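Commentary on secondary and tertiary structure
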Amino acid sequence: MKDDITRDERVENLKGMGCSRKRVEDARFTQGKGNYVDDIKLDGMLFGDFVRSPYAHARITNIDAAAALEVPGVIAVLTAADLEPLGLHWMPTLAGDKQMVLADGKVLFQGQEVAFVVAEDRYAAADGIEAVEVEYEELPVVVDPFAALQSDVVLREDLVAEDGSLPDGAHGPRKHHNHIFTWEAGDKEPTEQVIDTAEVVAEETMYYHRTHPCPLETCGSVASMDKVNGKLTLWGTFQAPHAIRTIVSLISGIEEHNIRVISPDIGGGFGNKVGAYPGYVCSVVASIVTGKPVKWIEDRMDNLMTTAFARDYHMTGKISATRDGKITGLHCHVTADHGGFDACADPTKFPAGFMNICTGSYDIPTAYLAVDGVYTNKAPGGVSYRCSFRVTEAVYFIERMIEVLAIKLNMDAAELRRINFIKKEQFPYTAALGWEYDSGDYHTAWDKALDTVDYKGLRAEQAQRVEDFKAGKTRKLMGIGLSFFTEIVGAGPVKNCDILGLGMFDSCEIRIHPTGSAIARLGTISQGQGHATTFAQILASEIGLPADSITIEEGDTDTAPYGLGTYGSRSTPVAGAATAMAGRKIRAKAQMIAAYLLEVHDNDVEFDVDRFVVKGAPERFKTMKEIAFASYNQAIPGVEPGLEAVSYYDPPNMTYPFGAYICVMDIDVDTGVPEIRRFYALDDCGTRINPMIIEGQVHGGLTEALAVALGQEIAYDDMGNCKTGTLMDFFLPTAWEVPNYETDYTVTPSPHHPIGAKGVGESPHVGGVPCFSNAVQDAFRAFGNTHTNMPHDHWRIWKTASDLGLHG
Amino acid sequence: MYNFEFENPSSIAEAVAALAEEEAQALGGGQTLIPTLKQRLAMPSKLVSLAGIAEMKGVSIADGMLTIGGGATHAEVAAEACPPLAALAGQIGDPAVRNRGTIGGSLANNDPAADYPAAMLALKSTIVTNNREIAGDDYFQGLFETALEEGEIITSVRCEIPEGANYQKFVQPASRFALVGVFVAKYADGVRVGVTGASEEGAFRWDEAEVALNSNFSAAALEGLALDAEGMMADIHGSKAYRAHLVGVLTKRAVSAV
């Protein structure tokens, strides 16, 4: 038999790995046909919303809901007292702490959930909320974590024993009643000794400010308890639907088979939708109590003020080196502000996430990290906003320390990086803080980046600019921001990565239909990443059916195999690997079927794009389409009918994407406005599945990096009032502020991943934040600046110029 | 949002009558009022829309005078007013805001960070209401405070077209309101400098700058002039000193651009 198309055309028809297949999701999203949780409308559905605390710290002496229950349309008002008999007035957090679902005698942050008003619609709920009378007795407010560790004010009485002693927390001994944990990595004494005796030491204190992922869609849920069948269906904005099902089962006592969790379309997560929130629990309880479906949807203010802040790390570093710039040691201490509850979404054994990747891309022989977690009167969270767990903080820390060291050494910061990079031949490389980096080729990437932007030319231009500025010829300074990052993603190996005991494997289940199309279901859930597009591409290449003939489905726990969800750039490293492995099982069975049909031995056929061919006789073949039909309909001796496979993939290691970013900006000294002239981003995410989607991810991640570096923050006043509760004050960049991004790549496949892919969604954010920040700081280096804290909004940049005496 | 009555009159007279009711509130383009209602920060008994009143529409230029209907949208001002004011209107909010928001609504609200007040102070404006004319210099009376009486409607504004003018807006990045905005207008009989966004007292004219520019209309004439930081606003986006400094910088830039 002969084909009327060429092999190249057959490859093209698959739309497999490496092609810029257009996103299959976009037809519905761009036409307003997405199905988000707020689009779910069920018969008789009620609406619940919260009475929230206006105070950051107060005792609640009374809650009177009588008047609220008189409001037309109000059905019920739930308080902690109502939840207590069910054991649901508190819930476990992902960080081993517990959190009030509804205020149990006191509130710990402004906006905390005090009572849940259930009504026929949102308007009636709002009327009911106003009618609930809550008596507060204000308590002293502690917003500064350093003050918290000195304060007599006890934020969490529930964590102090009756005799006043402090029982251990989930992560060991606690030093003070507002202290949560101390977490250490590396070797303390050897590191201190290296630093104490070093030729050169640079020190810096930096604050990585509190911010928020602020996805376009806020959090929400719809709970529907079918009392006849005893089945609970819960729709919600869940980045980890299976984990939510297990947690709901564990805390409610409803058996897991009677709970169906569905994540419909999600309008951006960025870490905001990993955790479990009081709204989810209250919608479930309210549905059980009322027997009707209950919806809860945050408004923007609720979202910014109460669910899932990110960062808030006070970091102190010491880095030592020889006089010629070889780094010898790194010391890092973090005071981590967790707010009123420790609700970080990290793997359980890592209370500060993967902060211990803070040696970065450098061969640093000795290092030590200690993190102290602290309670304050701020909202809980500590999520990984577009990054793997605390990796933005780690990379920001090391990329700033490198710059500070370069200043101390009076050395070029690009050269300092180059002479300290881990060398290609050192991989797999075990870092001083314990991680085994799987692969990398940093020098190649760095040289490509520096050459592309003409780094030497830029430095010469910058030096001239400084002269011109001093001569009064210009009022604009030029900053060159450098950043070289190594991410650690793909959590993770079950041996050391779990959340509340749930191992962080992931899964894929494939069913091939008789006519040669397929459905694959995964334990992950797309929030805009384009899984339905890219996972079908992986499968197309693995099983030889066109991506356009493969449906990808995620998010329904009744149909999808168990997995830990989508965050920390883990979908491709873990579920993508499961997809490839399941595809290979399909292919193995297809090989047997093909051999049978072609009447040759199994080993005499080989896979070729979309078919199995007889070795040496390519005109004899069976296409995967033919094999699919045969698998069901042609009785093959010794082989079960059907063509299905499932794979649960426990990754042997994390993956370590890396990249080289360079930003060039001109800063108007008189106004503090930075004008980004150029942004070059080279990413190495291993094997590239869909270049167009990678580019989109890089653009998005860089834009969120720009936001965080240049103005986005969650700020509080001394009374614990959140000053950034709306988009009038919380900076969300749009096309207006975003520069043109130049993207580039190298490819260093992961040696342990089935297709060599590493994950990319978060790299641009991780690498972008220090790049923007370094550019701002670099502009002022010639005038004596070593470090200023983010966010570098116009005012703070102007203030830096002012403090350096540049306003005459 | 609380419940309210809604009226949609087609003439100024009908609107004035409808607004006579206690707790009635005029609704221009709703770009401030509607979000305020959604937050339940206002509870009018009745909203009286001014959007259907034909006599409050339109932008015209005649005999050196610019007249803008109180119901003209920012987009209409951006398309039809004299260039410096058109440029200002084109920088308000985003297209959705500009297609709904009106000049009359903005001036009646007198947000301290709004753009129009700087222009109205600089452009020798007259605020025309349903029953009188108010000189622009007398109209702005502090944050969200104006000379308008209860139930009074801005039906149009008139501005004298200057020899040259320029508006420099310094954008607060989150809201894109003016962190500071300076409108400089040059007339045969003198220079006027209107400033918005900066002062705790709302929009104001920078007298010292006007004096300096009257004798020498150049950025150099402003060297050494500085606003006192006391009396400026401060928030998370900028200190008093920053705002005072920006007024100076922007005024120079506006003069250079005229």
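All values reported here derive from a predicted model rather than from experimental measurement. (Residues numbered from 1 in each chain as written. Chains lettered and ligands numbered in written order. Predicted model: local features only at pLDDT ≥ 70, side-chain atom pairs only at ≥ 80, totals over all residues. Heavy atoms only, no water.)

**Some remarks on the overall build of chain B**
Condition: In this description a helix means any DSSP run of H or I spanning at least four residues, a strand means any run of E spanning at least two, and both kinds are numbered starting from the N terminus. As a reference, a globule follows 2.2 Å times the number of residues to the power 0.38, and the radius of gyration itself is taken over C-alpha atoms. Using a 1.4 Å probe on the protein chains alone, a residue whose accessible area is under 20% of its type maximum counts as buried, one over 50% counts as exposed, and one in between counts as partly exposed. Note on contacts: a residue pair is in contact if any heavy atoms of the two residues lie within 4.5 Å. Throughout, the Shrake-Rupley method with a 1.4 Å probe supplies accessible areas, and for residues the shown protein chains are the sole cover considered. Neither His nor the chain ends contribute to the count of charged residues, in which Lys and Arg are positive and Asp and Glu negative. All charge positions are set by atom: Lys at NZ, Arg at CZ, Asp at CG, Glu at CD.
When you go through chain B residue by residue, the secondary structure sums to ten helices and twelve strands. Relative to the globule expectation of 18 Å for 258 residues, the C-alpha radius of gyration of chain B, 18 Å, shows essentially globular dimensions. Each principal axis of the C-alpha distribution contributes one length, and for chain B these read about 55 × 45 × 30 Å. Looking at chain B residue by residue over its 258 residues, the buried ones come to 55%. The contacts in chain B between residues at least 6 apart in sequence include a share of 58% that link residues at least 24 apart. About 10,700 Å² of surface is accessible on chain B, with carbon and sulfur atoms providing 49% of the total. Of note, chain B has its 18 positive side-chain charges centred 7 Å away from the centre of its 32 negative side-chain charges.

**Comments concerning the sheet that holds strand S12 (residues 204-205) of chain B**
Residue and element names in this part refer to chain B. We count it as follows: The criterion for strand pairing is that DSSP finds at least two bridges linking the strands in question.
Spatial ordering of the open sheet is given by S9-S10-S11-S12, a layout of four strands whose pairing is antiparallel. The open sheet terminates on both sides in strands that have one partner only, identified here as strand S9 (164-171) and S12. Examined bridge by bridge, strand S11 (residues 190-196) and S12 share two bridges and lie antiparallel to one another. Bridge pairing links Val195 to Phe204 in S12.

**Description of the domain arrangement of chain A**
All names here are of chain A. Operational definition: Residue ranges labeled as domains rest on an automatic or database domain assignment. Throughout, buried area stands for the accessible area (probe radius 1.4 Å) lost by two parts on being put together, summed over both. A side-chain nitrogen of Lys or Arg and a carboxyl oxygen of Asp or Glu constitute a salt bridge if their distance falls within 4 Å.
Looking at the assigned domains, one finds that chain A contains domain 1 (7-29 + 506-649), domain 2 (37-141 + 218-266 + 274-306) and domain 3 (309-490 + 654-803). The distance between the C-alpha centroids of domain 2 and domain 3 comes to 37 Å. Domain 2 puts 24 residues into the contact, and the matching count from domain 3 is 26 residues. Between domain 2 and domain 3 the total buried area reaches about 1,900 Å² when both faces are included, carbon and sulfur atoms providing 62% of it. On the domain 2 side of the contact with domain 3, Leu108, Val141 and Leu304 bury the most area, a combined 27% of that side's loss. Linking domain 2 to domain 3 there are zero salt bridges.

**So, the pattern of salt bridges**
Counted according to the given criterion, the structure contains 72 salt bridges over all chains. Of the charged contacts in the structure, one is a salt bridge between Asp265(A) and Arg28(A), with a shortest N-O distance of 2.6 Å. With Asp265(A) in the loop between strand S13 (259-262) and helix H9 (278-290) and Arg28(A) in helix H2 (residues 26-30), this pair connects stretches of sequence that are 237 residues apart. The class of Arg28(A) is partly exposed, set by a relative accessible area of 33%. We note a salt bridge from Lys169(B) to Asp115(B), for which the minimum N-O separation is 3.0 Å. Of this pair, Lys169(B) sits in strand S9 while Asp115(B) sits in the loop between helix H6 (103-109) and helix H7 (116-122); the two residues are 54 residues apart in sequence, bridging distant segments of the chain. A single burial state applies to Lys169(B) and to Asp115(B), both of which are buried. Each of the salt bridges in this network shares a partner with another, and the network as a whole consists of Arg7(A), Arg10(A), Asp608(A), Asp610(A) and Arg611(A).

**Describing the interface of chain B and chain A**
Which entries qualify depends on this criterion: N or O atoms within 3.5 Å of each other form a polar contact, as long as, within protein, one can give a hydrogen and the other can take it, and as long as residues adjacent in sequence are counted only when both atoms are side-chain atoms. Gly is placed with the polar residues, together with every amino acid not listed as nonpolar (Ala, Val, Leu, Ile, Met, Phe, Trp, Tyr, Cys and Pro) or charged (Asp, Glu, Lys and Arg).
Each partner contributes to the interface: chain B provides 23 residues, whereas chain A provides 24 residues. The junction of chain B with chain A conceals about 2,000 Å² of combined surface from both sides, 57% of it contributed by carbon and sulfur atoms. Here Glu130(A) makes a salt bridge to Arg40(B), at a shortest N to O gap of 3.2 Å. Summed over the shared surface of chain B and chain A, the number is 14 residue pairs in polar contact (both at pLDDT 80 or more). For the side of chain B that touches chain A, the secondary structure elements donating two or more residues are S9 and helix H10 (240-257) of chain B. Across the side of chain B that touches chain A, the residue classes break down as twelve nonpolar, seven polar and four charged.

**A closer look at helix H15 (residues 531-543) of chain A**
Residue and element names in this part refer to chain A. Using the following cut-off: Here a helix's expected span is defined as the number of its residues, less one, multiplied by 1.5 Å.
Between its first and last C-alpha atoms H15 spans 17 Å; for 13 residues at 1.5 Å apiece the expected length is 18 Å, and the two agree. Of all the residues in H15, the buried ones are His531, Ala532, Thr533, Thr534, Phe535, Ala536, Gln537, Ile538, Leu539, Ala540, Glu542 and Ile543. Positive backbone phi, approximately 75°, marks Gly544, located one or two places after H15.

**Structural notes on the domain arrangement of chain B**
When the parts of a complex come together, some accessible area is lost, and that lost area is often taken as the interface size. Residues and elements named next belong to chain B. When its domains are assigned, chain B resolves into domain 1 (5-49), domain 2 (56-160) and domain 3 (164-257). Inter-centroid distance (C-alpha atoms) of domain 2 to domain 3 is 19 Å. Across the interface of domain 2 and domain 3, roughly 1,900 Å² is buried in total on both sides, 59% from carbon and sulfur atoms. When the buried surface of domain 2 facing domain 3 is broken down by residue, Leu121, Ala122 and Lys124 rank first, second and third, together holding 26% of it. The interface formed by domain 2 and domain 3 holds four salt bridges in total. In this structure, Arg205 engages Asp137 in a salt bridge whose closest nitrogen and oxygen atoms are separated by 2.8 Å. Between the two partners, domain 2 and domain 3, sit 14 residue pairs in polar contact (both at pLDDT 80 or more). Those elements that place two or more of their residues in the side of domain 2 that touches domain 3 are helix H4 (83-89) and H7. Of the residues forming the side of domain 2 that touches domain 3, the biggest block, five residues, is contributed by H7.

**Looking at the nonpolar core**
Residues and elements named next belong to chain A. The cut-off we apply is this: We call a set of buried Ala, Val, Leu, Ile, Met, Phe, Trp, Tyr and Cys residues a nonpolar core when their side-chain atoms join them within 4.5 Å.
Of all hydrophobic cores here, the largest spans 183 residues; its most connected members are Phe116, Phe354, Met355, Val371, Tyr437 and Phe772. Examining the composition of this core, we find that twelve residues originate from one element, helix H11 (residues 391-409), more than from any other. Once residues within four sequence positions are removed from consideration, Phe116 is found in contact with Gly48, Asp49, Phe50, Ala76, Val77, Leu78, Leu102, Cys282, Ser283, Ala286, Val294 and Trp296. With 47 residues, the next largest nonpolar core counts Ile543, Ala547, Ile627 and Ile636 among its residues.

**Remarks on the side chain of Glu762(A)**
All names here are of chain A. Along the chain, Glu762 turns up in the loop between strand S33 (741-745) and helix H19 (763-779). Here Glu762 is buried and forms no salt bridge, its nearest opposite-charge partner Arg386 lying at an N-O distance of 6.7 Å. Of note is the side chain of Glu762, whose polar atom sits 2.7 Å from the backbone nitrogen of Ser569. The contacts of Glu762, once residues within four sequence positions are left out, are Arg386, Cys387, Ser388, Glu487, Tyr567, Gly568 and Ser569.

**Here we look at the sheet that holds strand S29 (residues 617-623) of chain A**
Residue and element names in this part refer to chain A. Heads up, the condition is: Between the N-to-C directions of two axes lies an angle of 0 to 180 degrees, each axis being a line fitted to C-alpha atoms and, for a helix, fitted only over the stretch in contact.
In space, the three strands of this open sheet follow the order S27-S28-S29, with antiparallel pairing throughout. On the outer flanks of this sheet lie strand S27 (605-608) and S29, each paired with one strand and no other. Here the average twist between neighbouring strands, direction ignored, is 35°. In terms of strand pairing, S27 meets strand S28 (residues 611-614) through four bridges, oriented antiparallel. Paired with Glu606 across the strands is Val613, a residue of S28.

**Digging into the packing of aromatic side chains**
Residues and elements named next belong to chain A. This is how it is decided: When the centres of two rings from Phe, Tyr and Trp lie within 6.5 Å, Trp using its six-membered ring, the rings pair. Their planes under 30 degrees apart give stacked, over 60 give edge-to-face, and anything left gives tilted. Comment: the charge-over-ring label is applied if NZ (Lys) or CZ (Arg) is within 6 Å of the ring centre and within 35 degrees of the ring normal.
All told, the structure shown has 38 aromatic pairs over all chains when counted by the stated rule. A centroid spacing of 5.8 Å and a plane angle of 75° characterise the contact between Tyr280 and Trp296, whose relative ring orientation is edge-to-face. Taken together, the residues span a long stretch of sequence, with Tyr280 in helix H9 and Trp296 in strand S14 (residues 294-297) at a distance of 16 residues. You can call Tyr280 buried: its relative accessible area is 4%. By relative accessible area, Trp296 is classed as buried at 1%. Three or more aromatic residues link up through ring pairs in this structure, and these residues are Tyr362, Phe421, Phe427, Tyr442, Trp446, Phe484 and Phe658. The ring centre of Phe607 lies 4.8 Å from the NZ or CZ of Arg587, which sits over that ring. Over the face of the ring belonging to Tyr745 we find Arg688, whose NZ or CZ atom lies 3.5 Å from the ring centre.

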